[in-house]
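Secondary and tertiary structure notes
Read off the chains here:
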Amino acid sequence: MSAEAADREAATSSRPCTPPQTSWFEFLLEEALLEQHLQKASPDPPPVQLIVQFLEQASKPSVNEQNQVQPPPDNKRNRILKLLALKVAAHLKWDLDVLEKSLSVPVLNMLLNELLCISKVPPGTKHVDVDLSSLPPTTAMAILLYNRWAIRTIVQSSFPVKQVKPGPPQLNVMNQMQQEKELTENILKVLKEQAADSILVLERALKLNKDLYVHTIRTLDLLAMEPGMVNGETENSTAGLKISAEEIQCQVCYDLGAIYFQQGSTNAAVHENAKEKFFKTKELIAKNGSSSLHFTIDEERLAGYCQACGVLTSSSDDASQQATPYSQIHSCMKSGNYQDLVKIFLEDNLTLSLPVQFRQSVLRELFQKAQQGNDALDEVCFKVCVCNTVCDVLQGRIIDIQFCQLFLKPNKEKIDFLLEVCSRSINLENASEVLKRKMAAFLKNLCLGLEDLQLVFMISSHELFIKLLKDDERKLLIDQMRKRSPRINLCTKPVTSFYDIPASASVNIGQLEHQLILSVDPWRIRQILIELHGMTSERQFWTISNKWEVPNVYGNVILGIKDNLTRDLVYILMAKGLHCCAIKDFVHAKQLFAACLELVTEFSPKLRQVMLNEMLLLDIYTHEAGAGVSGERPPSDLISRVRGYLEMRVPDIPLRQVIAEECVAFLLNWRENEYLTMQVPLPLVQTNPYVKEDIVNDIAAEHISIWPSSIPNLQSVDFEAVAVTVKELVSYALTINANNHFWLIIQADIYFATNQYSAALHYYLQAGAVCSDFFNKMVPPDVYTDQVIKRMIKCCSLLNCHTQVAILCQFLREVDYKTAFKALQEQNSHDAMDSYYEYIWDVTILEYLTYLHHKRGETDKRQIAIKAIGQTELNASNPEEVLQLAAQRRKKKFLQAMAKLYF
């Protein structure tokens, strides 16, 4: 019996049905739109989420006349919705790979149960008791689909899953997630109980040896017709989408192999069965090709399964086992035959049959053995690392840090082996230009990283190097090597290969200026300018290109730099960075700005702030063009930097208006409107046109829509009379209902607006208390919004209760560290300071407190802060649920303590 058989039976029983909430015209229109969407020429499939929407609507419980909740009725409305869900799945050809990625276990279970139902599988029938050969093809296929999904779900549930950190706690969302989790566990329990039956059904399916058919949109429409209108077409063997017998066997073998592999960890016979099924799958794919399958198979995963089966199970055929490079490497590692191991890696650099992860895992194992005291393995580690590095270079991957560490002290033997690997890893006659350029760039950069000219000569005189690099490239590299570093003694006569006749000075200057215009590498730009200034001190090289533009507000500061080389370098780095930013080459822009920032930090705080501002703008552009396109929120530190820029008013710092505009647009794009309209220091309001104004006099309103949005004649309004009326009205309202949290917030806002901060805190706390059972429950987020918390912070600050300020900064959606740290620096706090440390759950704030007390020599308070940090429930390695519970417990205690203080 399927996992939802009992529920479906109850749902289809004769119960009083509620009338549909939507007109039949809307249903027909919805179905027509779905048909149009499914049949359009677009190659993109319809969103799988349509299945979720249709099934959720069809499974909503009904309410009878006695207000009792009943199972969803089996009426025409719900049948249409279920049919629409089946049609979307049919359009996707019932591809379980696609469905499993997008649908939860309960939704997919419901969908496949509906497929069984519409395919005439009797409810409550055990699939193992049914003779598949005697069933209509679509019915047999529905049973196979369900049982394939059942064992795939069992296998998938055994894999570890990384827990996603939840956002701010929302009660309804948490309840929904908990319900779905419990429902998934119940379904998995049933599927595991039926696993043996599902395996038997699929084993019998392998013996069918006949083609089957799966439902299409057309056959589903025929099945949905009224009885008497069907012409019998759905019962014959040609209805639906044809799935060949070999395709069915291929998919079923793969799924059975996966379940046998999972079950066979302690059973050699079952493991051997898994091996047989996987190898049979490979044979069928090799025979028919994976492109002909309606249901694709992940061939990389299949290869991993086959490899695992081949390594973990014993085989009498030693010759076949030795045929694979995996088993050869395994044998070499076991026997210590490292010479053959290096040979295998070297040969594989041409065939590239070993996955990069496998290569890295072997190298890690060798490093571990070497660290355990086997010094003889140092050379083997180097050789395998070189093979891996050259493989990475040819495949366009980043060079591993291990190669750089092993190559810190190169010698002739290491260079010889490296050149051998490079030569044997590329066939110059057949290699593409792309591969040749990758290898050439690797060898060129290798030369630039070497200090010993003799080792450089070994590389530059090698046959491979000469064939890969053109004459002018080799000549330019030689010039670079000669002039690049003071550590190289240029007074000694260079070796013959490096000796050439220098060109005239004017030719050299022209060539270098041309390179300076084209280069976007900060290090290369610096080297070129050093060489140019060494040739002549009369030129201003920032002027050689009219495309190098720096805003006037910055230009005056940069051109005031006295040192000519530094002035040219700063100007050109900034100009090139701004140009790269304009053409959206953000990678080079960041490199150029970072180099400029490092340079100006040494001598100009003003230019340092300028570069920090430009890098902020660059990070905004980078996010908006990258992760922001897919709707991903920017990181909290970027939002904090944007806010910091808008609040910054450092004298004499040149500012570009576009940065402020982009910062405001950035906050608006990510719905940080509240920050832009919050209370801010008066000087900032007066000097920054991008903050909307000070809202200290704005009062919350429950029914904001009935308030006038604009006043034609402000002079005709008696604001004092309005204020008195609002105060009296709210006071009277609270005498009628003293526990209305929204009215309490309004009363608090009135006191806040009139600078009565203690009274304001009283009512803010009372509003939270009445809707949380005196803070024993969580205060709803629509009561303690960020705006309310920030006003409470302002009240505590003006009352000189600075420790309370720091604690409240934790309550914000994003912790306001800047305000918290500033508050903790105050030494005239009127609250009990260290007695509040037990209410702090943010470890960063506690660490800052520890540092602050240490700096002030306050040993006792420092020990209290250290004790607070040491509580096990604040350990960052704890699960997210534990950390949230720790925060909630401290919030509760703090708010209760505040309430006792201000009530």
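Everything in this summary refers to the structure shown in the same document. (Residues numbered from 1 in each chain as written. Predicted model: local features only at pLDDT ≥ 70, side-chain atom pairs only at ≥ 80, totals over all residues. Heavy atoms only, no water.)

So, about the state of the cysteines. Under the criterion given, the structure shown has 0 disulfides. Unpaired in terms of disulfides, cysteine 795 finds its nearest cysteine sulfur in cysteine 796, a separation of 6.8 Å. Left unpaired, cysteine 801 is separated from the closest cysteine sulfur, that of cysteine 796, by 5.9 Å. (Disulfide = S-S within 2.5 Å.)

Our next topic: the environment of phenylalanine 774. Following the sequence through the fold, phenylalanine 774 ends up in the loop between α37 (757–770) and α38 (786–798). Here phenylalanine 774 falls in the partly exposed class, since its relative accessible area comes to 31%. In this structure, the C-alpha to C-alpha distance between phenylalanine 774 and glutamine 896, residues 122 residues apart in sequence, is 7.1 Å. Phenylalanine 774 has contacts with Ala769, Gln896, Ala899 and Phe903, leaving out every residue within four places of it along the chain. (Helix = DSSP H or I, 4+ residues; strand = E, 2+ residues; numbered from the N terminus. Buried < 20%, exposed > 50% of the residue type's maximum accessible area, 1.4 Å probe, protein only. Contact = heavy atoms within 4.5 Å.)

If you trace the backbone, serine 519 turns up in the loop between α25 (505–518) and α26 (522–535). A distance of 3.2 Å separates a polar side-chain atom of serine 519 from the backbone nitrogen of aspartate 521. Discounting residues that sit within four places of it in the chain, serine 519 has contacts with Arg524, Ile525 and Lys576. (Polar contact = N/O pair within 3.5 Å; in protein donor to acceptor, adjacent residues only side chain to side chain.)

Where helix α17 (residues 356–371) contacts helix α18 (residues 377–394), the two axes come as close as 9 Å, and the packing angle between them is 160°. When the axes of α17 and α18 are compared, the pair comes out roughly antiparallel. Every pair of crossing elements has a handedness; the one defined by α17 and α18 is left-handed. Across the interface between the two elements, Val356, Arg359, Gln360, Leu363, Leu366, Phe367, Lys369 and Ala370 of α17 pack against Leu377, Asp378, Val380, Cys381, Val384, Cys385, Cys387, Asn388, Cys391 and Asp392 of α18. Across the contact of α17 with α18, the residue classes break down as 12 nonpolar, 2 polar and 4 charged. (Axes fitted to C-alpha atoms, helices over the stretch in contact; angles between N-to-C directions. Parallel < 35°, antiparallel > 145°, perpendicular 65-115°, else oblique. Left-handed = near helix turned anticlockwise from the far one by under 90°. Nonpolar A, V, L, I, M, F, W, Y, C, P; charged D, E, K, R; others polar.)

Within the largest apolar cluster, 79 residues are counted, with the highest numbers of intra-cluster contacts made by Ile51, Trp94, Leu103, Leu111 and Leu256. Sequence-distant contacts of isoleucine 51, that is, excluding residues within four places in its chain, are made with Ala85, Val88, Ala89, Leu99, Leu103, Val107 and Leu111. Counting 58 residues, the second-largest nonpolar core is a separate cluster that includes Leu761, Tyr763, Ile807 and Ile845. (Core = buried A, V, L, I, M, F, W, Y, C linked by side-chain atoms within 4.5 Å.)

Under the defined criterion, the tally for this structure stands at 19 aromatic pairs. Each ring, one from tyrosine 254 and one from tyrosine 305, has its centre 6.3 Å from the other, and the planes form 75°; the classification is edge-to-face. Here tyrosine 305 lies in helix α13 (residues 299–312) and tyrosine 254 lies in helix α11 (residues 245–263), a separation of 51 residues in the sequence. Of the aromatic side chains, those joined through ring pairs into one cluster are Phe811, Tyr836, Tyr839, Trp841 and Phe894. The ring centre of phenylalanine 382 lies 5.1 Å from the NZ or CZ of lysine 414, which sits over that ring. Against the face of phenylalanine 811 rests lysine 891, its NZ or CZ located 5.4 Å from the ring centre. (Phe/Tyr/Trp six-rings, centres within 6.5 Å; stacked < 30°, edge-to-face > 60°. Lys NZ or Arg CZ within 6 Å of the ring centre and 35° of its normal.)

Our next topic: unusual backbone geometry. In this model, tryptophan 94 sits at a positive phi of 55°, which is unusual for a non-glycine residue. Structurally, tryptophan 94 can be placed in the loop between α4 (76–91) and α5 (96–102). For lysine 584, which is not a glycine, the phi torsion comes out positive at approximately 65°. Looking at the secondary structure, you find lysine 584 in the loop between α28 (564–582) and α29 (586–601). Judged by its relative accessible area of 61%, lysine 584 is exposed.

A few words now on helix α16 (residues 338–351). Taking 1.5 Å of rise per residue, the 14 residues of α16 would be expected to cover 20 Å, and the 20 Å separating its terminal C-alpha atoms lies within 8% of that figure. Inspection of α16 places Tyr338, Leu341, Val342, Ile344, Phe345, Leu346, Asp348 and Asn349 among the buried residues, and these make up the whole buried set. On its buried face, α16 is in contact with α15 (325–335), α17, α18 and α20 (412–424). Leucine 352, located one to two residues past α16, shows a positive phi value of around 55°. (Expected span 1.5 Å × (residues − 1).)

Side-chain pairs of opposite charge can arise where the charged atoms are in close proximity. Within this structure, the stated rule accounts for 23 salt bridges. Residue aspartate 97 is joined to arginine 152 by a salt bridge in which the shortest nitrogen-to-oxygen separation is 2.7 Å. With aspartate 97 in helix α5 and arginine 152 in helix α7 (residues 137–157), the pair connects residues that are 55 residues apart, well separated along the chain. Across the pair glutamate 420 and arginine 424 runs a salt bridge whose closest N-O atoms are separated by 3.2 Å. Linking glutamate 420 with arginine 424, this pair stays in helix α20, spanning 4 residues, or about one helical turn. Residue glutamate 420 is classed as partly exposed on the basis of its relative accessible area of 35%. Through salt bridges with shared partners, a single ionic network connects Asp97, Glu100, Arg148, Arg152 and Asp255. (Salt bridge = Lys/Arg side-chain N within 4 Å of Asp/Glu carboxyl O.)

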